[in-house]
Each structure stands twice: as structure tokens, then as C-alpha cells.
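These are the residues of each chain, in order.
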Amino acid sequence: MNTTDLRFRSNRVRDILSLFHEELDGMYGGGEVGVFCEMLFEAFLSWDKVRLLTSREQTIDQSDLLRFHWALEDLKQSRPIQHIIGYTDFCGCRIAVSPDVLIPRPETEEIVNWILHTIHYPLSTIHLLDLCTGSGCIAIALKKAFPKADVTAVDISPAAIEIARRNAENNGADIHFVQADILDPSFLLSPSSFHLIVSNPPYVMEKERAKMQRNVLDYDPALALFVPDDDPLRFYHAIGIIAQKHLDKEGLLAVEINETLSEETCALMREQGFIPTIHNDFRGKPRWISAKKKLS
Ligand code: GLN
């Protein structure tokens, strides 16, 4: 393929950027397309933002141009940018993603940051548990922040565990992975007591599919997203039972939630013997609940 076949006017950076904006701004908005370009230049050419800003007149190799061509086609098909480059950055950790795991979201980063500010830096070993770990992003970010912590991460999907393990290794985070179904009533773990239990479980109701974007519906794994309309809190129920058994009496429970079910999720947690607090995300939507055990 030559430059003309690729529809790029030239292999000059300025022209590549204009074509991306021309073809994608209508779909994503100019700001987001600018961010995509920054991510692609970083992934394909290891250029940082400053280099991109100051190299508009530079040209790139034909083989690199081809990669931009395919990236543009993929973005037109709503393929997530994180799948195109193969990773995302989460709390300063590079996390590989694939269609087997949910792409880590900025809302989830907020929860991790809140946890990091809430748990005082532990002097002795603390035990942390991440349920429905997916890519492993939460567990890895916590282990990086608290190197002395003993971190266990659980997921039902063997393919997700494989990616999470690779992510842990690439980030130098020693994590104990367990492949298990947390909905299974016989689910038990060692160590038996954790100082923190965190989870971003599936919480999107089937009836919410209609209002979801194609890049989520077509590319994120349904297993990590959806719950039945008639039992949308099934994972929180299971997490509550696990926390009753495995959370230290002074321990902290933190769960990401469906913004439309915050009150119901809180009510369930109260019934299960916790004192919950709802937290809003940066968009002002109820996004996570932190809870302590009610001490009798
Ligand atoms: N926040 C995700 C989304 O709607 C869902 C995450 C989840 O189900 N845990 O895109």
C-alpha cells in the first residue's frame, strides 16, 4: 500500500493529525480525538506529548503510517483505543487489556485513590482482597502503593486471571491469584482475615444495554458487566457474605456500584451488618460504597 491507498495526504505528522480529526471528530469530539492521537504516537513511536507538539512537520516511516491507518479504521468501528494499543494506564501502572477483561475506568482509579488516602500506611503486613479482579488493576495499584501488603485477587475467568498475572509480573507486583466463583456459597479463602476487601463486580442490568455505547457493548466482556434485571445485587450479596466471614472487625469494605442502585445497595449492606457510606465520582454520580462492620 502506498500513501494514497492509505488515504493519508502524506506521512507528515500534521497531515496525519488532520485526517484523524476530519474523520473522527464528528463521532468522538475533537478533545478525545486529540487524546487518541497522543496515545497512538506514544504507543507506536514512543513520542511523548511534547515531542508530538513540536514535531508537526516531521514525517514518519511508511510502516508506521500503516499502523495509524489501521488504528483510524478501528476507531471508526468503535474499537476502544485501549484495545488498539493493548494497554491503559491505571493509577500509574501500565495494565494490558484484551476482550477478556473490562478496560479499567477512571472512576475505579478514584476508588483506589480514596482507599490509598483512607488506609494509613501500614507498618506491619496487611492483608488485602480484590474480588472480581479482571485485569488485576486494583490489586496491582494497591500492591504498588503498599509493598508490604499481602494481596489476594480473585476472578471467575481463567483468561482474565492469565492477563492479571501477566500485568502483576510486568508491574513487579507479587499477588496471590485465585480462580473462583464468588457466587459459589462454598467460597472460602486463606488467610481468613483481611484488612481491606475491595471489588468492582458486574453491576450493569440487562435492561440498561439499550443506553450503552457500542465500544463498551461490542468489546468489554459481558461476563464482567451484566447482571440479571431480577437480581442486580447478587454480587453485593455474595461480597457481603464473604466480608462477614473474611473482613477484620476494624477492616474496610469498598465496592464500585451501579449509580442507579446506590440506595438499594446500601440497604442490603446494612441488612448484612455493615455501616455503609456512598461516595460520588468526578461526574457527581454515586459510584462507590465504603463500609465498616457494625460492631455489636
Ligand atoms: N462502569 C462500567 C460501565 O458501565 C461497568 C463496570 C461493572 O459492571 N463493574 O462501563
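Above this text is the structure in question.
Quick summary incoming for the structure in this document. (Residues numbered from 1 in each chain as written. Predicted model: local features only at pLDDT ≥ 70, side-chain atom pairs only at ≥ 80, totals over all residues. Heavy atoms only, no water.)

On to the overall build of the protein. Across its full length, the protein holds twelve helices and eleven strands. Since a compact globule built from 296 residues should have a radius of gyration of about 19 Å, the 21 Å found for the protein is in line with a globular shape. Expressed as lengths along the three principal axes of its C-alpha atoms, the size of the protein is roughly 70 × 45 × 35 Å. Excluding contacts between residues fewer than 6 apart, the proportion of contacts in the protein whose partners are at least 24 apart in sequence is 65%. Taken as a whole, the protein presents about 14,000 Å² of accessible surface, with 50% of it coming from carbon and sulfur. For the protein, the distance from the average site of its 31 positive side-chain charges to the average site of its 42 negative ones is 3 Å. (Helix = DSSP H or I, 4+ residues; strand = E, 2+ residues; numbered from the N terminus. Rg over C-alpha atoms; globule rule 2.2 N^0.38 Å. Contact = heavy atoms within 4.5 Å. Areas by Shrake-Rupley, 256 points an atom, 1.4 Å probe, with all protein chains shown as cover. Lys, Arg positive; Asp, Glu negative; His and termini not counted. Charge placed at Lys NZ, Arg CZ, Asp CG, Glu CD.)

Our focus in this paragraph is the pairing of strand 5 (residues 175–179). Across five bridges, strand 4 (residues 150–155) lies against strand 5 in parallel orientation. Note on strand 5: the bridge partner recorded for Val151 is Ile175. In the classification by handedness, the crossover that spans strand 4, the intervening helix 8 (residues 158–170) and the parallel strand 5 is right-handed. (Pairing = 2+ DSSP bridges. Right-handed = clockwise from strand over helix to strand, strands pointing away.)

Below, the discussion takes up the site of the ligand. Near the ligand you find Leu102, Arg105, Asn200, Pro201, Pro202, Tyr203, Val204, Ala224, Leu225 and Glu256, and these make up its full shell. In this structure, an oxygen atom belonging to the ligand sits 3.5 Å away from a main-chain N or O atom of Leu225. Relative to its unbound accessible surface of 300 Å², the ligand loses 85% to contact with the protein. Partitioned by chemical class, the residues of the shell around the ligand number seven nonpolar, one polar and two charged. (Near = heavy atom within 4 Å. Polar contact = N/O pair within 3.5 Å; in protein donor to acceptor, adjacent residues only side chain to side chain. Nonpolar A, V, L, I, M, F, W, Y, C, P; charged D, E, K, R; others polar.)

Contact pair helix 1 (residues 13–28) / helix 2 (residues 30–45): the axes reach a minimum separation of 8 Å and the direction vectors enclose 135°. When the interaxial angle is binned, helix 1 and helix 2 end up oblique. Considering the relative orientation of helix 1 and helix 2, their crossing is right-handed. Where helix 1 approaches helix 2, its residues Val13, Ile16, Leu17, Phe20, His21, Leu24, Asp25 and Tyr28 are matched on the opposing element by Gly30, Glu32, Val33, Gly34, Phe36, Cys37, Leu40 and Phe41. Class assignment for the residues of the contact of helix 1 with helix 2 results in eleven nonpolar, three polar and two charged. (Axes fitted to C-alpha atoms, helices over the stretch in contact; angles between N-to-C directions. Parallel < 35°, antiparallel > 145°, perpendicular 65-115°, else oblique. Left-handed = near helix turned anticlockwise from the far one by under 90°.)

What follows concerns the sheet that holds strand 10 (residues 274–280). The strand order 5-4-3-6-9-11-10 describes an open sheet built from seven strands, whose pairing is mixed. Of all strands in the sheet, those with a lone pairing partner are strand 5 and strand 10, marking the two edges. In this sheet, neighbouring strand axes are inclined to one another by 15° on average, regardless of whether the strands run parallel or antiparallel. Along the sheet, helix 12 (residues 262–271) makes contact with strand 9 (247–256), strand 10 and strand 11 (286–293), crossing strand 10 at roughly 160°.

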